[in-house]
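One letter stands for each residue in the lines below.
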Amino acid sequence: MSDIEDDDVPTLIDAEVPSTEPPEPTVPLTIICGFLGAGKSTLIRRILTEKHGYRIAVIMNEFGDTADIEAKAINVASPDDPLGETSEEFLELANGCLCCSIKDLGIAAIEKLMQRKGAFDHILLETTGLADPGPIASMFWHNEEFAMGLGRDIHLDGVLCVVDAVFGLSQMEEDKKIEGLGESLRQVAGADVVLVNKIDLASPEDVENLEDAISQVNPAATIHRTVKGEIDLGLIMGIDAYSTDKIPLTKAENFVDATDSVCNEGCAESHHHSHHKGSHHYEMRGISSLQVSCPPLDPVHFDQLDAWIRTVLWECRLPGQDSKPDQSDKTATTIEVLRCKGIFTRHTGDVYVLQGVRNMYEISKVEDHDSNVGLPDEGKLVFIGKGLTEQVRGSLEKVLR
Ligand SMILES: Nc1nc2c(ncn2[C@@H]2O[C@H](COP(=O)(O)OP(=O)(O)OP(=O)(O)O)[C@@H](O)[C@H]2O)c(=O)[nH]1
């Protein structure tokens, strides 16, 4: 007889078998910001009324004119509210879009919208003309609270900024504040896609100058020219600008030539602003960008890059610098990164993507990249923000080589 007691007989433990079901897809969310009067409402009105085949939920601060104009087309559908007392919160439109009005960007309102998940495929979130999209973007990206809740249903697809082709340049130039940066520059800096709208009212030369200024502030944004927000919605939605597990097409293009812009006015070719090529440091009114080539990184250099980003984003200083510049020293510049992106390889050949919004960032390996998406010969890192001087560039280049 065995001396193993019954109790000792190993029993099978119910191990949690990983589900083979693919995770539920999350709904992409695009933040729309724009200069005052640039044409945000016009774009949104178009989206809410035209037959385009997309089921989009648009969240706006107030219905305003949009709802008045579309009142006849609106079918207020609220089974729980036959009297329509709360009908101003959700309106289902004839073209399949859902219009939602919220007074603030509180998570609760968006949660309410998500109860209608399945009724739409994409969310557009309009901000007021003066909003800095950065804090809103970070609310939807890598925020622990968000990840536990709404993050299971929503992912940030991109930030779209509408700029007035006529007044945009002067708005950007005038928009300097004694302390910090003006909102128009923050909007351009934080955008993944910029619509230069009202090009029917501006000369081609003025449009080019404006696009140059936009590229100076944000070389990684894709620029499209529009009249009355007329654009293929596929160019502004589903761009996956914050993805860390694949390389979005737009981004790869941007990294190959960050100053290309595409015209939607029947103009087939991209516009090249060749005088910026080869330049790696741009500056406009305190806000600037750094674009640095990145060779394949061995483990030491990879760790150095990670530590560099951590120090710059979290401590607003360069590694090796004791502390952030003394606030009373007017000549010293504090570093403030608003957005960073990058694609690079490690010495093993694995491709990595860097994504960052303000002080949050992620470096992740691209598991399965589409070989059709051309990678640049060398990796590229782009930082957009304040105080990104030549000294900062030198410091970054030093840790990479
Ligand atoms: N000529 C021309 N007018 C335009 C174009 N886009 C918008 N407009 C007009 O410009 C004015 C302002 O447009 P809106 O769409 O209200 O601008 P907005 O960005 O929503 O404005 P705010 O919310 O007040 O900041 C309106 O009278 C529009 O009809 C365009 O491409 N060309």
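Residues numbered from 1 in each chain as written. Predicted model: local features only at pLDDT ≥ 70, side-chain atom pairs only at ≥ 80, totals over all residues.

Brief notes about the overall build of the protein chain
For the protein chain, the count of helices and strands is eleven helices and 16 strands. Expressed as a percentage of its 401 residues, the buried residues of the protein chain come to 38%. Sequence-distant contacts, at least 24 apart, represent 74% of the contacts inside the protein chain between residues at least 6 apart. (Helix = DSSP H or I, 4+ residues; strand = E, 2+ residues; numbered from the N terminus. Buried ≥ 20, exposed ≤ 12 C-beta atoms within 10 Å, placed from the backbone. Contact = placed C-beta atoms within 7 Å.)

Some details on the packing of helix α10 (residues 299-315) against helix α11 (residues 390-400)
The geometry of α10 relative to α11 is characterised by a closest axis approach of 8 Å and an angle of 155° between their N-to-C directions. Put simply, α10 runs roughly antiparallel to α11. Residues His301, Gln304, Leu305 and Trp308 of α10 touch α11, and the partners they reach there are Leu396, Val399 and Leu400. Split into classes, the residues belonging to the contact of α10 with α11 amount to five nonpolar, two polar and no charged. (Axes fitted to C-alpha atoms, helices over the stretch in contact; angles between N-to-C directions. Parallel < 35°, antiparallel > 145°, perpendicular 65-115°, else oblique. Nonpolar A, V, L, I, M, F, W, Y, C, P; charged D, E, K, R; others polar.)

Considering helix α8 (residues 204-217)
An α-helix turns once per 3.6 residues; consequently, residues spaced three or four apart project the same way. The end-to-end C-alpha separation of α8 is 20 Å, in line with the 20 Å expected for 14 residues at 1.5 Å each. Buried within α8 we find Val207, Leu210, Glu211, Ala213, Ile214, Ser215, Gln216 and Val217. (Expected span 1.5 Å × (residues − 1).)

Things to note about the pairing of strand β13 (residues 336-345)
Most of β13 sits out of view: eight of its ten residues are buried. Sheet topology note: the β13/strand β16 (residues 379-386) ladder contains seven bridges and is antiparallel. Along β16, the bridge assignment pairs arginine 339 with isoleucine 384. Bridge analysis of β13 against strand β14 (residues 351-357) gives seven bridges, and the strand direction is antiparallel. Of the residues in β14, the one forming a bridge with threonine 345 is valine 351. If you look at the hairpin formed by β13 and β14, you'll find five residues sitting between the two strands, and glycine 349 has a positive phi there, around 100°. (Pairing = 2+ DSSP bridges.)

Observations regarding the confidence of the model for the protein chain
Considering every residue of the protein chain, the mean pLDDT works out to 75; 65% of them sit at 70 or more. Contacts from residues 81-88, a stretch scored under 50 in pLDDT, to residues over four places away or in other chains number nine contacts. Long-range and interchain partners of residues 255-282, a stretch whose pLDDT sits below 50, account for 53 contacts in this model, where long-range means more than four residues apart. (pLDDT = per-residue confidence, 0-100.)

Brief notes about the nonpolar core
Counting residues in each nonpolar core, the largest one holds 90 residues, and the members touching the most others are Val58, Ile59, Val163 and Val194. With seven residues, strand β6 (residues 154-164) is the single largest residue contributor to this core. Looking at which domains feed residues into this core, each of domain 1 (27-275) and domain 2 (281-400) gives three or more. Those residues in contact with valine 58 that lie beyond four places of it in its chain are Ile44, Ile47, Leu48, Cys97, Cys99, Cys100, Leu124 and Glu126. (Core = buried A, V, L, I, M, F, W, Y, C linked by C-beta atoms within 7 Å. Domains from an automatic or database assignment.)

Some thoughts on the environment of alanine 57
Counting through the fold element by element, alanine 57 comes out in strand β2 (residues 56-60). The spacing of alanine 57 and glycine 34 is 23 residues in sequence and 19 Å in space, taken between C-alpha atoms. In this view, alanine 57 contacts Leu98, Cys100, Leu113, Phe120 and Ile123; residues no more than four positions away in its chain are not counted.

Focus on the environment of glycine 149
Of note, glycine 149 is situated in the loop between α5 (144-148) and β6. Considering only alpha carbons, one finds glycine 149 and valine 357, 208 residues apart in sequence, at a separation of 20 Å.

Details of the pairing of β14
For β14, a buried count of five out of seven residues is recorded, marking the element as mostly surrounded by other parts of the structure. In this sheet, strand β15 (residues 360-365) lies alongside β14 in antiparallel orientation, the contact comprising six bridges. Bridged to leucine 354 within β15 is isoleucine 363. Linking β14 back to β15 in an antiparallel pair, the connection comprises two residues, with arginine 358 at a positive phi of about 50°.

Points about the environment of glutamine 187
Relative to the helices and strands, glutamine 187 resides in helix α7 (residues 183-190). Taking the C-alpha atoms as reference points, glutamine 187 and valine 312, separated by 125 residues in sequence, lie 21 Å from one another.

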